[in-house]
Amino acid sequence: KNEVEQSPQNLTAQEGEFITINCSYSVGISALHWLQQHPGGGIVSLFMLSSGKKKHGRLIATINIQEKHSSLHITASHPRDSAVYICAVSLGNQFYFGTGTSLTVIP
Amino acid sequence: DSGVTQTPKHLITATGQRVTLRCSPRSGDLSVYWYQQSLDQGLQFLIQYYNGEERAKGNILERFSAQQFPDLHSELNLSSLELGDSALYFCASSPRLSRQGSTEAFFGQGTRLTVV
């Protein structure tokens, strides 16, 4: 049983397109995290949110606590956005991870 | 650069062996987390330490153990290694222990372990 589900699993987009990645979770959470993992393997924490919406550059993350759903949006996508995007939820000191969405942005 | 340093970057070893992975957290961060990322299971939380004490345990095998030292660096020990232990092992640190868990974590670059 997966506490965190992401969709889509794979996504290919043309440069400049608006991208949405979705995350649903089934447990009560303290916070939801969006992580980015580049082909080299390193992981970067993009957002941590427990309500509402956060924006950083071309990235926007939203969360709906009642619906247990979060979305990560990328505006004006660029090839350098190509990476795996992982949704994770934290409950106390435990973390549960989605399996990731592999994004490829084509020039 | 997240400020979290993991060594070694790559490690190849034989089945049955024991290895130690090292993590230096960001300066001032008291909390260290260990994660395993394998091809078939994705990222999994293994264990968390805060200021030298174990605070949370995830899917960590009995063959694995960890500790956090007084200088706050942490080591993950993997013994009696099996082929299935081949994975990326990540360490992350955060500044504090939040009872509500809403604390941002900063990840290292990972150690890629290959068991042959």
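Residues numbered from 1 in each chain as written. Chains lettered and ligands numbered in written order. Predicted model: local features only at pLDDT ≥ 70, side-chain atom pairs only at ≥ 80, totals over all residues. Heavy atoms only, no water.

1. Considerations on the state of the cysteines
All names here are of chain A.
Here comes step 1: Counted according to the given criterion, the structure contains two disulfides over all chains.
Here comes step 2: The disulfide partner of Cys 23 is Cys 87, and the gap between their sulfur atoms is 1.9 Å. Disulfide Cys 23 to Cys 87: torsion about the S-S bond roughly -65°, handedness left-handed. Taken together, the positions of Cys 23 in strand 3 (residues 19-25) and Cys 87 in strand 9 (residues 83-91) put the pair 64 residues apart, joining distant regions of the chain. (Disulfide = S-S within 2.5 Å. Helix = DSSP H or I, 4+ residues; strand = E, 2+ residues; numbered from the N terminus.)

2. Focus: the interface of chain A and chain B
Here comes step 1: Listed by partner, the interface residues are 17 residues for chain A and 24 residues for chain B.
Here comes step 2: Note on chain A versus chain B: buried area summed over both sides is about 1700 Å², and carbon and sulfur give 57% of it.
Here comes step 3: If you look at where chain A meets chain B, you find zero salt bridges.
Here comes step 4: Our enumeration of links across chain A and chain B arrives at one residue pair in polar contact (both at pLDDT 80 or more).
Here comes step 5: The set of elements that each furnish at least two residues to the side of chain A that touches chain B consists of strand 4 (31-37), strand 5 (43-49), strand 9 and strand 10 (94-97) of chain A.
Here comes step 6: Sorting elements by how many residues they give to the side of chain A that touches chain B places strand 4 of chain A first, with four residues.
Here comes step 7: Residue composition of the side of chain A that touches chain B, by class: seven nonpolar, 10 polar and no charged. (Contact = heavy atoms within 4.5 Å. Buried area = accessible area lost by both parts, 1.4 Å probe. Salt bridge = Lys/Arg side-chain N within 4 Å of Asp/Glu carboxyl O. Polar contact = N/O pair within 3.5 Å; in protein donor to acceptor, adjacent residues only side chain to side chain. Nonpolar A, V, L, I, M, F, W, Y, C, P; charged D, E, K, R; others polar.)

3. Digging into the sheet that holds strand 6 (residues 52-56) of chain A
Residues and elements named next belong to chain A.
Here comes step 1: Sheet architecture is open: five strands sit in the order 1-3-8-7-6, paired in antiparallel fashion. Each of the sheet's edge strands pairs with one partner strand only, and the pair in question is strand 1 (4-7) and strand 6. Direction aside, the axes of adjacent strands within the sheet are offset by 15° on average.
Here comes step 2: As defined by bridge partners, strand 7 (residues 59-64) adjoins strand 8 (residues 69-74) across six bridges and the pair is classed as antiparallel. Residue pairing in the sheet places Ala 61 in a bridge with Leu 72 of strand 8. (Pairing = 2+ DSSP bridges. Axes fitted to C-alpha atoms, helices over the stretch in contact; angles between N-to-C directions.)

4. Digging into the environment of Gly41(A)
Here comes step 1: Counting through the fold element by element, Gly41(A) comes out in the loop between strand 4 and strand 5.
Here comes step 2: With 42 residues separating them in the primary sequence, Gly41(A) and Ala83(A) have C-alpha atoms 9.5 Å apart.
Here comes step 3: For Gly41(A), the residues in contact, after removing those within four places along its chain, are Leu88(B), Phe90(B) and Gln109(B).

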